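The lines below spell out each chain.
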Amino acid sequence: MITNRKENLIHTFMYVCFMAFVMTAYNITVHQGFSADIIKVTWLSFPLTFIVAFTLEYFIVGRHGMKLVFKLHKHHHTPFQKRAITALVIVAGMATLMSLYFSISTVGFSKELPLIWASNLAINSLFAYPLIVFVAGPLVGFVFRKIFPEGSIVDITK
């Protein structure tokens, strides 16, 4: 459980690093096919993708999405159910915005943009949701707590 703003910033950074890299590789593979150059092309496009994804997640989707998440969480929900609900809200926001980003980077502001965006949104949402729930969430949470045990990051701004 994230307990303060510093932990949230670091956790978000780690989460977005993982998701941006994997989703970039996935999108390149879907649109260009699998090849030995996937890692190279992904690595070269990662910096800008990360900046866009982190900005959207930290300042827009994370902030506004968590307000919705807290309204949807109920006391009877298990931790897994709460994580699944949170992932659904985050994927809805991030897949929508990042699919638009990938679509614009692919076809620009052309007449094909709405169709490409809808197509990217469908394939990205179907891949991102299980990736977050079953891989990124548990993996990033585990690594985060191994590096930063609970209580080790103190937010002195409070």
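Residues numbered from 1 in each chain as written. Predicted model: local features only at pLDDT ≥ 70, side-chain atom pairs only at ≥ 80, totals over all residues. Heavy atoms only, no water.

Is there a simple way to think about the pattern of salt bridges in this case?
A side chain of one charge can pair with a side chain of the opposite charge if their charged atoms are brought near each other. What the rule picks out here adds up to one salt bridge. When the shortest N-O distance is used, the salt bridge between Glu-7 and Arg-145 registers 3.1 Å. Separated by 138 residues along the polypeptide, Glu-7 in helix H1 (residues 5-32) and Arg-145 in helix H4 (residues 113-147) bring together distant segments of the chain. Judged by relative accessible area, Glu-7 falls into the buried class, the value being 0%. (Salt bridge = Lys/Arg side-chain N within 4 Å of Asp/Glu carboxyl O. Helix = DSSP H or I, 4+ residues; strand = E, 2+ residues; numbered from the N terminus. Buried < 20%, exposed > 50% of the residue type's maximum accessible area, 1.4 Å probe, protein only.)

Sorry if this is basic, but what is going on with empty space enclosed by the protein here?
It is the rolling of a water-molecule-sized probe over the atoms that shows where space remains empty. Overall, the coordinates contain one cavity of 30 Å³ or more when judged by the stated rule. Elements with a minimum of two residues in the lining of the largest cavity: H1, helix H2 (38-72), helix H3 (79-107) and H4. Among the elements that take part in the lining of the largest cavity, H3 stands out by supplying seven residues, more than any other. (1 Å grid on protein atoms, 1.4 Å probe; cavity = no way out; pocket = protein on both sides within 12 Å on 5 of 7 lines; lining within 4 Å. Points joined across faces, edges and corners; volume = space filled by probe spheres on them.)

Looking at this model, I keep getting lost on H1. Mind explaining?
Residue pairs three or four apart in sequence face the same way in an α-helix, which turns once every 3.6 residues. A rise of 1.5 Å per residue sets the reference length of H1, with its 28 residues, at 40 Å; its end C-alpha atoms lie 39 Å apart and thus fit the reference within 8%. Regarding H1, its N-cap is Asn-4, as a side-chain oxygen of that residue lies 3.1 Å from the backbone nitrogen of Lys-6 further along. Gly-33 sits one or two residues past H1 and shows a positive phi near 85 degrees. (Expected span 1.5 Å × (residues − 1). Polar contact = N/O pair within 3.5 Å; in protein donor to acceptor, adjacent residues only side chain to side chain.)

Quick question: what am I supposed to make of the side chain of Thr-42 here?
Note on placement: Thr-42 falls in helix H2. In this view, Thr-42 contacts Phe-21, Thr-24, Ala-25 and Ile-28; residues no more than four positions away in its chain are not counted. (Contact = heavy atoms within 4.5 Å.)

Explain the nonpolar core to me, please; I cannot follow it from the model alone.
The nonpolar side chains of a soluble globular protein tend to be buried with one another. Counting 30 residues, the largest nonpolar core has Met-19, Met-94, Met-98 and Ile-132 as the members making the most contacts within it. The biggest single contributor to this core is H3, with eight residues. Excluding residues within four positions of it along the chain, Ile-132 makes contact with Tyr-15, Met-19, Ala-87, Ile-90, Val-91, Gly-137 and Pro-138. (Core = buried A, V, L, I, M, F, W, Y, C linked by side-chain atoms within 4.5 Å.)

Please explain the side chain of His-77 as it appears in this structure.
Relative to the helices and strands, His-77 is located in the loop between H2 and H3. A polar atom in the side chain of His-77 sits 3.0 Å from the backbone nitrogen of Lys-74. Other than its neighbours up to four places away in sequence, His-77 contacts Leu-72, Lys-82 and Ile-85.

Would you mind going over the layout of surface pockets with me for this structure?
For the largest pocket, the calculated volume is near 1100 Å³. In terms of lining residues, the largest pocket is bounded by 29 residues, among which Ile-2, Asn-8, His-11, Met-66 and Thr-86 are the most central. Among the elements of the structure, H1, H2, H3 and H4 are those that each provide at least two residues to the lining of the largest pocket. Per-element accounting of the lining of the largest pocket gives the leading share, seven residues, to H2. Its residues placed into classes, the lining of the largest pocket shows 13 nonpolar, 10 polar and six charged. In this structure, the second largest pocket spans a volume of roughly 260 Å³. Lining the second largest pocket are 13 residues, and of these Ile-28, Gln-32, Phe-102, Ser-105 and Thr-106 lie nearest its centre. Sorting the residues of the lining of the second largest pocket by element identifies H1, H2 and H3 as the ones contributing at least two each. Among the elements that take part in the lining of the second largest pocket, H1 stands out by supplying five residues, more than any other. For the lining of the second largest pocket, the class distribution of residues is five nonpolar, eight polar and no charged. (Nonpolar A, V, L, I, M, F, W, Y, C, P; charged D, E, K, R; others polar.)

So, to be careful, I would describe these as geometric facts and stop short of saying anything about function.
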